[in-house]
Amino acid sequence: MTSISLRGVQKRFGDTVVLRDCDLEIDDHEFLVLVGPSGSGKTTLLRIIAGLETPTDGVLYFGDDRVDYVDVGDRDIAMVFQNYGLYPHMSVYKNMAFGLRRRKMPKAMIDQKVRETGELLGIGHLLERRPKQLSGGQRQRVALGRAIVRDPAVFLLDEPLSNLDAHLRVQMRAEILKVHRAVTATAIYVTHDQVEAMTMGDRIAVMNDGVIQQLGTPDELYDHPVNKFVAGFIGTPAMGFLTCDITRSAGGADLHGQGVRLRLPADRAASLPDDADKVVCGIRPEHFQPISIASADEHDCVMQGVVEVVEPLGSEQHLIVEIGGQTVVAKLPREHQFEREEKVALTVDPRRLHLFDCESGEAYL
């Protein structure tokens, strides 16, 4: 098994800075996910780990060995790409055996490893077929098999499920995790899909604009985002944001705006800087609770607005609500009935509120 350490890694292409001072420690046999929007630098970071790109600055270690100057063929890594990268003229068996043959491994050992890997991935009965005779999910399994059959120390996956339909993506997520548990490799998985990140990663590194914004477990990122970007990127539907004015009092603070009145208890109000007169308030969709407009004055935290869209989703519904020119999404049980253009009142537990600086976007924790 191999741990991975990136220290001060930067990458520039001409005047364009793609990665900025990236520090990252990945444990032995960890499944780490790099997630972020397109252009955030996650694939470039993966390619530096693979040896396909050279960092402009910084160093990279596999265990105790510095490898940022080591050729890709000597790093004991295997990669899986979104386009599968299979040889169309070769059978599944020959695709999976190709790397082992180049290593001049004995034929009997190659045969054993290919067949064992084929059974692990549920493609043992497809070994004589060619890629064009396979479905997208089967091709992805072959690509995974070709990588893990080599027993690499590091297993790199660059958006491997992006070409599959939604149902198959869910199935393949489980397959990839099962494979990772069966091998000893450290895995790094790149995706722009935060649902994949949340369901697969032991830890997640959220990237934006070439910077690792936050590194943590799925629960840490969801419950304690360090800035507005992470808060808005992690979670489906996304967190809603309301910009509010601040009025302080001895018992706490009031956040208010058009259609918004949120009372903060003293311990939450204490996190706000003394000179701040505005704050961005973040609310997860599932933390909204509907109340009657007539009872609004009885609650410490109230938001009143107009329903723009109702999205029925079986056991629940999503309401897109316009509140004083700002829009939020509320995830509510189906038993509450709402109509488009209906006036609604919502409340929230003040302990569930996330508070962010209006200019920097940094969280007040």
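Preceding this section is the structure that the text describes.
Let us look at the structure shown here. (Residues numbered from 1 in each chain as written. Predicted model: local features only at pLDDT ≥ 70, side-chain atom pairs only at ≥ 80, totals over all residues. Heavy atoms only, no water.)

1. Observations concerning the pairing of strand E2 (residues 16-26)
So, step 1. Taken together, the 7 bridges between strand E1 (residues 4-13) and E2 define a ladder with antiparallel strand orientation. Note that in E2 the partner of Leu 6 across the bridge is Leu 24.
So, step 2. Hairpin remark: E1 followed by E2, antiparallel, with 2 residues in the connecting loop; positive phi at Gly 14, about 65 degrees. (Pairing = 2+ DSSP bridges. Helix = DSSP H or I, 4+ residues; strand = E, 2+ residues; numbered from the N terminus.)

2. Side note on unusual backbone geometry
So, step 1. Following Thr 236, the chain continues into Pro 237 via a peptide bond in cis, with omega recorded as -5 degrees.
So, step 2. Here Pro 237 lies in the loop between helix H8 (228-233) and strand E11 (240-249).
So, step 3. Even without glycine at this site, Asp 21 takes up a positive phi of about 45 degrees.
So, step 4. Mapped onto the secondary structure, Asp 21 falls in strand E2.
So, step 5. For Asp 21, a relative accessible area of 51% gives the class exposed. (Buried < 20%, exposed > 50% of the residue type's maximum accessible area, 1.4 Å probe, protein only.)

3. Some thoughts on the pairing of strand E12 (residues 252-257)
So, step 1. By the bridge criterion, 5 bridges tie E11 to E12 in an arrangement that is antiparallel. In the sheet register, Ile 246 faces E12, and the bridge partner there is Leu 255.
So, step 2. Adjacent in sequence and paired antiparallel, E11 and E12 are bridged by 2 residues.
So, step 3. As paired elements, E12 and strand E13 (residues 260-265) share 6 bridges and run antiparallel to each other.

4. Observations concerning the nonpolar core
So, step 1. In terms of nonpolar packing, the biggest core is built from 47 residues, with Phe 31, Val 114, Leu 144, Phe 155, Ile 176, Tyr 189 and Val 206 touching the most fellow members.
So, step 2. Ignoring anything within four residues of it in the chain, the contact list for Ile 176 reads Phe 31, Leu 144, Leu 157, Pro 160, Leu 161, Tyr 189 and Met 200.
So, step 3. Judged by nonpolar contacts, the second largest core, of 31 residues, contains Ala 253, Leu 264, Val 279 and Leu 332. (Core = buried A, V, L, I, M, F, W, Y, C linked by side-chain atoms within 4.5 Å. Contact = heavy atoms within 4.5 Å.)

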